[in-house]
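Below are the chains, spelled out letter by letter.
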Amino acid sequence: MSGRILPGDIGFFSALARAGSLSAAARELGITTPAVSKHLAQMEARLQVALVNRTTRRMSLTPEGETLLAGARRVLAEIDSLDELLSGTQAQPQGLLRVNATLGFGRSHVAPVISRFVRQYPDVEVQLQLSVNPPPLTDDAYDVCVRFGAPPEARVIARHVAANRRLLCAAPAYLARHGQPRNPADLVRHNCIGIRQGEEAYGVWRLASHRTRGKAAESVKIRGNLTTNDGEIAVAWALAGHGILMRAEWDIRRYLDSGRLVQVLPQFDTPDADIYAVYPQRHQHSARVRAFVDSLALQLNGSAGA
């Protein structure tokens, strides 16, 4: 049996990598930690390579382990896809659904969607992972990723689920002290709150006048003494009167409606932040993925600034 990967190794190793530790994997698999350790040791002995680096505090995969994990995920995805094709007529979605979303939007909007979704489809098990930056599109760890903006990637399906705008805003107290900017160039004289998220260019805001649609947007290099990678913190700073913020409408609409924030330069358009559900092409026949994306679109259209 030397050098062979057994069928039971595939799901085991994928679960181990997903759990991040032997003890967490044991809980997920419903076995003891020593049993997990023994299975891993047997795999490494058969393959004659180390798959995992173990320390007292954490576990990480070796390059060989990363290669095995990528292959294991492909195999599991093919099995999952085949099962879905064979049972494509099933009326009730079921099975594991792994969802990724950004921190703030995931907490405020995706989590409530999932709450209602599992009530409607109790045979679906949902794992929601929130992250500051979206995972690579080549990452097989998720079935659906909720993203802002359409990804430039042909190997995935990107379904538009809700329209969403980015708006400039500030607290009335800040504008009372520093004045209301009249054009984008005025922003360089204001304290602008910066957000570092994803791969977007940091520190540059692009604005286009309503009267010049189709023309190139004006780029403004902003400056300010506050920067964060957390949108909720940035909104809190804006509410406290620290400066002007560019933020997605879903996050600030309630404050604009209440008057705690005021829109700045409303005559200028900023880049769209439309919401997309992104998933691999192999999941296009998945009943649970289709049902979840449908639920996402239905519920977000009434709450994400559409």
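All of the points below concern the structure found in this document. (Residues numbered from 1 in each chain as written. Predicted model: local features only at pLDDT ≥ 70, side-chain atom pairs only at ≥ 80, totals over all residues. Heavy atoms only, no water.)

Side note on the overall build of the protein
Counting secondary structure elements, the protein contains nine helices and 15 strands. When the 306 residues of the protein are sorted by exposure, 43% land in the buried category. Long-range pairs, those at least 24 residues apart, make up 74% of the contacts in the protein between residues at least 6 apart in sequence. Split by element, the accessible area of the protein, about 15900 Å² in all, is 51% carbon and sulfur. (Helix = DSSP H or I, 4+ residues; strand = E, 2+ residues; numbered from the N terminus. Buried < 20%, exposed > 50% of the residue type's maximum accessible area, 1.4 Å probe, protein only. Contact = heavy atoms within 4.5 Å. Areas by Shrake-Rupley, 256 points an atom, 1.4 Å probe, with all protein chains shown as cover.)

Let's talk about the environment of Ser219
You can see Ser219 is positioned in strand S10 (residues 218-221). You can call Ser219 partly exposed: its relative accessible area is 49%. Along the chain, Ser219 and Pro184 lie 35 residues apart, while their C-alpha atoms are 8.3 Å from each other. Ser219 has contacts with Val204, Trp205 and Arg206, leaving out every residue within four places of it along the chain.

Let's talk about the packing of aromatic side chains
Considering all chains together, one arrives at five aromatic pairs under this definition. Note on Phe105 and Phe148: the rings are 5.2 Å apart at their centroids and 75° apart in plane angle, and the pair reads as edge-to-face. Residue Phe105 is located in helix H5 (residues 103-120), and its partner Phe148 is located in strand S5 (residues 144-148); the two are separated by 43 residues in the primary sequence. A residue is classified by how much of its surface remains accessible, and Phe148, at 27% relative accessible area, is partly exposed. Pairing Phe105 with Trp250 gives two aromatic rings, centres 4.9 Å apart and planes at 75°, and the pair type is edge-to-face. Residue Phe105 is located in helix H5, and its partner Trp250 is located in helix H8 (residues 249-258); the two are separated by 145 residues in the primary sequence. Like Phe105, the residue Trp250 is buried in the burial classification. One aromatic cluster is present, built from ring pairs that chain together Phe105, Phe148 and Trp250. (Phe/Tyr/Trp six-rings, centres within 6.5 Å; stacked < 30°, edge-to-face > 60°.)

Some thoughts on the sheet that holds S5
Taken in spatial order, the five strands of this open sheet run S4-S3-S5-S15-S6, and their pairing is mixed. Lying at the two open borders of the sheet, with one neighbouring strand each, are strand S4 (124-131) and strand S6 (156-162). Along the sheet, successive strands turn relative to each other by an average axial angle of 25°, direction set aside. Both strand S3 (residues 95-102) and S4 contribute to a ladder of eight bridges, which runs parallel. When the sheet's bridge partners are listed, Leu97 is paired in S4 with Val126. Seen against the sheet, H5 touches S3, S4, S5 and strand S15 (275-280) and runs at an angle of roughly 175° to S4. (Pairing = 2+ DSSP bridges. Axes fitted to C-alpha atoms, helices over the stretch in contact; angles between N-to-C directions.)

Brief notes about the pattern of salt bridges
Pairing is possible between side chains of opposite charge, provided their charged atoms come close. Counted by the stated rule, this structure contains ten salt bridges. Residue Arg46 is joined to Asp9 by a salt bridge in which the shortest nitrogen-to-oxygen separation is 2.8 Å. Of this pair, Arg46 sits in helix H3 (residues 33-47) while Asp9 sits in helix H1 (residues 7-19), and the two are 37 residues apart along the sequence. Comparing Arg46 with Asp9 shows no difference in burial state: the two are buried. Here Asp294 and Arg159 are joined by a salt bridge, their closest N and O atoms 2.5 Å apart. A residue pair is termed long-range when its members are at least 10 positions apart, and Asp294 in helix H9 (residues 287-300) and Arg159 in strand S6 qualify at 135 residues. Using a relative accessible area of 41% as the deciding quantity, one classes Asp294 as partly exposed. For Arg159, a relative accessible area of 32% corresponds to the partly exposed category. (Salt bridge = Lys/Arg side-chain N within 4 Å of Asp/Glu carboxyl O.)

Quick look at the sheet that holds S10
Across the sheet, three strands lie side by side as S10-S9-S14; this open sheet has antiparallel pairing. Across the chains shown, the open sheet's two edge strands, defined by having one partner strand only, are S10 and strand S14 (268-269).

Here we look at helix H2 (residues 22-29)
Residues of H2 that are buried: Leu22, Ala24, Ala25 and Ala26. Looking at the packing, one finds that the buried side of H2 touches H1, H3 and strand S2 (59-61). Just past H2, the residue Gly30 takes up positive phi, approximately 75°.

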